[in-house]
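Geometric and topological summary
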Amino acid sequence: MDVTAVVLAYGDQPYLYEVVDRILASTGVDVRLVLVDNGCTSPSLDPLRDRPGVTVLTPGENTGFTGGCNLAASASTSEFLAFINSDALVEPDALSELAKVAARPEVGLTSASLRLADRPELLNSAGNPVHVLGLSWAGHLGEPAADHSVEAPITSVTGAAILVRRQVWDALGGFTEPFFAYCEDADLSLRCWQQGWDVVFVPSAVVLHHYEFGRNELKFYLLERNRLAMVLSVYEARTLLLLAPALLAFEFATCAVAAVSGWLPAKVRGYRWLLQERRWLLAHRRAVQQARRRDDRFLSRMLVARLEQSVLPLPRGSAFLNGTMAAYWSLVRRLL
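Residues numbered from 1 in each chain as written. Predicted model: local features only at pLDDT ≥ 70, side-chain atom pairs only at ≥ 80, totals over all residues. Heavy atoms only, no water.

Counting its regular elements, the chain contains twelve helices and ten strands. In terms of overall size, the chain behaves like a compact globule, its C-alpha atoms giving a radius of gyration of 19 Å where 336 residues would be expected to give roughly 20 Å. Expressed as lengths along the three principal axes of its C-alpha atoms, the size of the chain is roughly 55 × 40 × 40 Å. Counting only residues that meet the buried cut, the chain has 55% of its 336 residues in that class. Long-range contacts, defined as pairs at least 24 residues apart, comprise 77% of the intrachain contacts of the chain with a sequence gap of at least 6. Here the chain displays about 14,800 Å² of accessible surface, and carbon together with sulfur accounts for 56% of that area. With 32 positive and 35 negative side-chain charges, the chain shows a separation of 10 Å between the mean positions of the two kinds. (Helix = DSSP H or I, 4+ residues; strand = E, 2+ residues; numbered from the N terminus. Rg over C-alpha atoms; globule rule 2.2 N^0.38 Å. Buried < 20%, exposed > 50% of the residue type's maximum accessible area, 1.4 Å probe, protein only. Contact = heavy atoms within 4.5 Å. Areas by Shrake-Rupley, 256 points an atom, 1.4 Å probe, with all protein chains shown as cover. Lys, Arg positive; Asp, Glu negative; His and termini not counted. Charge placed at Lys NZ, Arg CZ, Asp CG, Glu CD.)

Below is the structure:
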């Protein structure tokens, strides 16, 4: 199987050489690697430019995760595309295991068993849940990998280790490029489900991830604006109408949390971006809706209505709020 693995390099990349070595040592596939220099400051990429099997692209600016991945994919003609984080270490047969499942005609995206690099018996993600309001998080973080050893459909891949068939990638149009970073994996996955393909967790494809959880103002800005852009473009009009009270209530609550936590300017900046990009958003929504083959009644099976602490610190009474949202979403699903 012919696989092109895509890796992006930005800033300091302490694991980059090992990431490259492991990808090129993959077994069971004919692998090439496209490395996108989004502004790598360390280590030097010069030794990789002449390395067999490696192509280094230098766009001259930080194209973000979405732009860098789309650029690298367009520079390849491989039957399969893998997107591997620059801090994710593939086991020798990981790409092969992902490709075997992705080769099935009913499968669109495959997601690896992403493990914590310092404790590889524990999961970083076994596929990511997606909340009905657009949030997503690392699924089963910290749980024993042995408890998730069965291949299964999942709502969303984890962006750190994805493999997709070229036909599916082209049909989906790649990542939604204006997102730049964050939420692009959930968005791609929901659109994949919409267009009639399954998204699958492959436990035999093991990838070790040097996972670091952190939030800053830029991340809040990107997460919040992209979450709303995804919801506004993916859902049918009837679903948006039925969810409008919950969506508005959550926006008020998020703004209150942002004000207390000090990132309200990032939240407001996200609203401003959505207004500035409203023409793009409307055109993108039309394209997404025209391409769909499954309605929101089907898509609703994939979504959850309860938030976890890993998404954001939940206030007192969160159990009541989760229960209320779950009941509300149950009602909406019956009306779809």
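Let's shift gears to the packing of aromatic side chains. For the structure on display, the rule yields seven aromatic pairs. Ring geometry for Trp169 and Phe175: centres 5.3 Å apart, planes at 80 degrees, overall edge-to-face. Summarising the burial analysis for this pair, Trp169 and Phe175 share the class buried. Taken together, the ring pairs connect Phe65, Phe83, Trp169 and Phe175 into an aromatic cluster. We note Arg225 situated over the ring of Trp273; from NZ or CZ to the ring centre the distance is 3.9 Å. For the cation-ring pair, Arg269 lies above Tyr221, with the distance from its terminal atom to the ring centre recorded as 3.9 Å. (Phe/Tyr/Trp six-rings, centres within 6.5 Å; stacked < 30°, edge-to-face > 60°. Lys NZ or Arg CZ within 6 Å of the ring centre and 35° of its normal.)

Right, let's talk about the nonpolar core for a bit. Core analysis: the largest hydrophobic core is formed by 70 residues, its most contacted members being Phe83, Tyr235 and Trp329. Counting residues per element, this core draws most heavily on helix 7 (residues 217-234), which supplies eight residues. In this structure, Phe83 is in contact with Val6, Cys69, Gly159, Ala160, Ala161, Ile162, Val164, Trp169 and Phe175, ignoring residues within four places of it in sequence. (Core = buried A, V, L, I, M, F, W, Y, C linked by side-chain atoms within 4.5 Å.)

Buried within helix 1 (residues 16-24) we find Leu16, Val19, Val20 and Ile23. Along the long axis of helix 1, the arc covered by the buried residues comes to 95 degrees, so they all point the same way. (Arc of directions from axis to C-beta.)

For Gln167, the position within the fold is in helix 5 (residues 166-172). Through-space distance from the C-alpha of Gln167 to that of Phe213 is 33 Å; in sequence the pair is 46 residues apart.

Function cannot be read off these values alone, since they describe shape.
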